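Secondary and tertiary structure notes
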Amino acid sequence: MPRQRAGQNMIRIGIDLGGTKIEIIALAPDGHELLRRRSPTPREDYRGILRAVTDMVRQAEAELGQSGSVGVGTPGSIAPATGLLRGSNSVCLNGQPIQADLQDLLSRPVSITNDANCFALSEATDGAGQGAPVVFGVILGTGVGGGVVVHGRVLTGANAIAGEWGHNPLPWPKDAERPGPPCFGGHSGCIETFLSGPGIERDHLRAYGEALTAHEIAARAALGDAACAATLGRYEERLARALAHVINIVDPEVIVLGGGMSNVARLYVNVPTLWAPFVFSDRVDTRLLRHRHGDSSGVRGAAWLGAAP
Ligand SMILES: [Zn+2]
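Residues numbered from 1 in each chain as written. Predicted model: local features only at pLDDT ≥ 70, side-chain atom pairs only at ≥ 80, totals over all residues. Heavy atoms only, no water.

What follows covers the coordination of the zinc ion. Donor atoms from the polypeptide that bind the zinc ion are His167 (ND1), Cys183 (SG) and Cys190 (SG), placed at 2.1 to 2.3 Å. The sequence motif formed by the donor residues of the zinc ion is H-x15-C-x6-C. A residue pair is termed long-range when its members are at least 10 positions apart, and His167 in the loop between β10 (153-154) and α4 (191-195) and Cys190 in the loop between β10 and α4 qualify at 23 residues. Relative accessible area serves as the criterion here: at 32%, His167 is assigned to the partly exposed category. (Donors = N, O, S within 2.8 Å, 3.2 Å for Na, K, Ca; no water. Helix = DSSP H or I, 4+ residues; strand = E, 2+ residues; numbered from the N terminus. Buried < 20%, exposed > 50% of the residue type's maximum accessible area, 1.4 Å probe, protein only.)

What follows is the structure, given as structure tokens:
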């Protein structure tokens, strides 16, 4: 189906399809939020999920009195070769032609991408990275993901994995970081095992025998706790190395952080100093910025996705 160019005055509908809830948002062309609703995700019921999504779109359009473009953000990716979803934590969606089915049910093109790409698109469109030609969006949460937006469009890639950086190895590893913690994919020392929330918690426990949440580590470091400050220091240095790798390949103008760890204010001061020795340039003008839309970026990015020409 040819992609339809959204009209200048068309509303943008975004769906965040998660394992427990479905959220819908409608944005005016200027990004103003017109409507937002939530509904529980039907449990392991593919047809039920399709019905819930299409009902939510129809209800929103009836309420607003106009139809819009539709974009969907959901974990996993549509395999380019087959058009089937893979890698979703909602297992019933895996192997299903969800994009084709939603297009049939809604009689229009439907764009689908993962949450990290939605985050990056939201922040690149009217968030912290607004106006930057190339934005790398990073989620530092329970997992670590990334997405690349080039001139306002998500870079998908031949395998629909562009920006999936969390399962690359931590670059320039030190002896103590080798082989690194095991990762669910079978490798060890993936960036995610160091930079996710559980990653910093495990690192702190290993270094000091103290079981604290990532939030507690950051809060205590801010109050002068030496062990927590040292853990956060190690975290920053690793984040700097990991992002230097991205800068050397993609060279984005802006890197935007999201997820729980993005709320640690000192990252934005320290990491750009720490990445300098690893970036292959005599000066580094890349800006490291905190997200503007926070938890809303997933669903807002899905809405912008549907508007992509
Ligand atoms: Zn991994």
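The structure having been displayed, the exposition proceeds.
Let us now look at the environment of Thr231. Tracing the sequence through the fold places Thr231 in helix α7 (residues 226-250). Judged by its relative accessible area of 0%, Thr231 falls in the buried class. Taking the C-alpha atoms as reference points, Thr231 and Leu93, separated by 138 residues in sequence, lie 38 Å from one another. Excluding residues within four positions of it along the chain, Thr231 makes contact with Ile200, Asp203, His204, Tyr208 and Ile217. At 2.7 Å, the side chain of Thr231 and the side chain of His204 are in polar contact. (Contact = heavy atoms within 4.5 Å. Polar contact = N/O pair within 3.5 Å; in protein donor to acceptor, adjacent residues only side chain to side chain.)

What follows deals with the packing of aromatic side chains. All chains considered together, the criterion is met by 2 aromatic pairs. Both rings, one in Phe136 and one in Trp165, keep their centres 5.7 Å apart while their planes meet at 90°; by these two values the pair is edge-to-face. A residue pair is termed long-range when its members are at least 10 positions apart, and Phe136 in strand β8 (residues 134-140) and Trp165 in the loop between β10 and α4 qualify at 29 residues. Aromatic pair Trp172 and Phe278: ring centres 4.8 Å apart, planes at 45°, arrangement tilted. Linking Trp172 in the loop between β10 and α4 with Phe278 in the loop between α8 (267-274) and β12 (287-290), this pair joins segments that are 106 residues apart in sequence. Residue Trp172 is classed as partly exposed on the basis of its relative accessible area of 39%. (Phe/Tyr/Trp six-rings, centres within 6.5 Å; stacked < 30°, edge-to-face > 60°.)

Looking now at the pairing of strand β4 (residues 68-73). By the criterion of burial, β4 is predominantly enclosed, with 6 of the 6 residues buried. Sheet topology places β4 next to strand β7 (residues 110-113); 4 bridges connect them, and they run parallel. Among the inter-strand pairings, Val70 is bridged to a residue of β7, identified as Val110. (Pairing = 2+ DSSP bridges.)

Right, let's talk about the pattern of salt bridges for a bit. For side chains bearing opposite charge, pairing can occur when the charged atoms are close. Summed over the entire model, instances satisfying the criterion amount to 18 salt bridges. For Glu23, the salt bridge is made with Lys21, and the minimal N-O distance between the two is 3.6 Å. A salt bridge links Arg241 to Glu177; its shortest N-O distance comes to 2.8 Å. On the criterion of sequence distance, the pair formed by Arg241 in helix α7 and Glu177 in the loop between β10 and α4 is long-range, its members being 64 residues apart. The burial state of Arg241 is the same as that of Glu177; both residues are buried. Residues joined by salt bridges that share partners form a network here, namely Lys174, Glu177, Asp203, Arg234, Glu237, Arg238 and Arg241. (Salt bridge = Lys/Arg side-chain N within 4 Å of Asp/Glu carboxyl O.)

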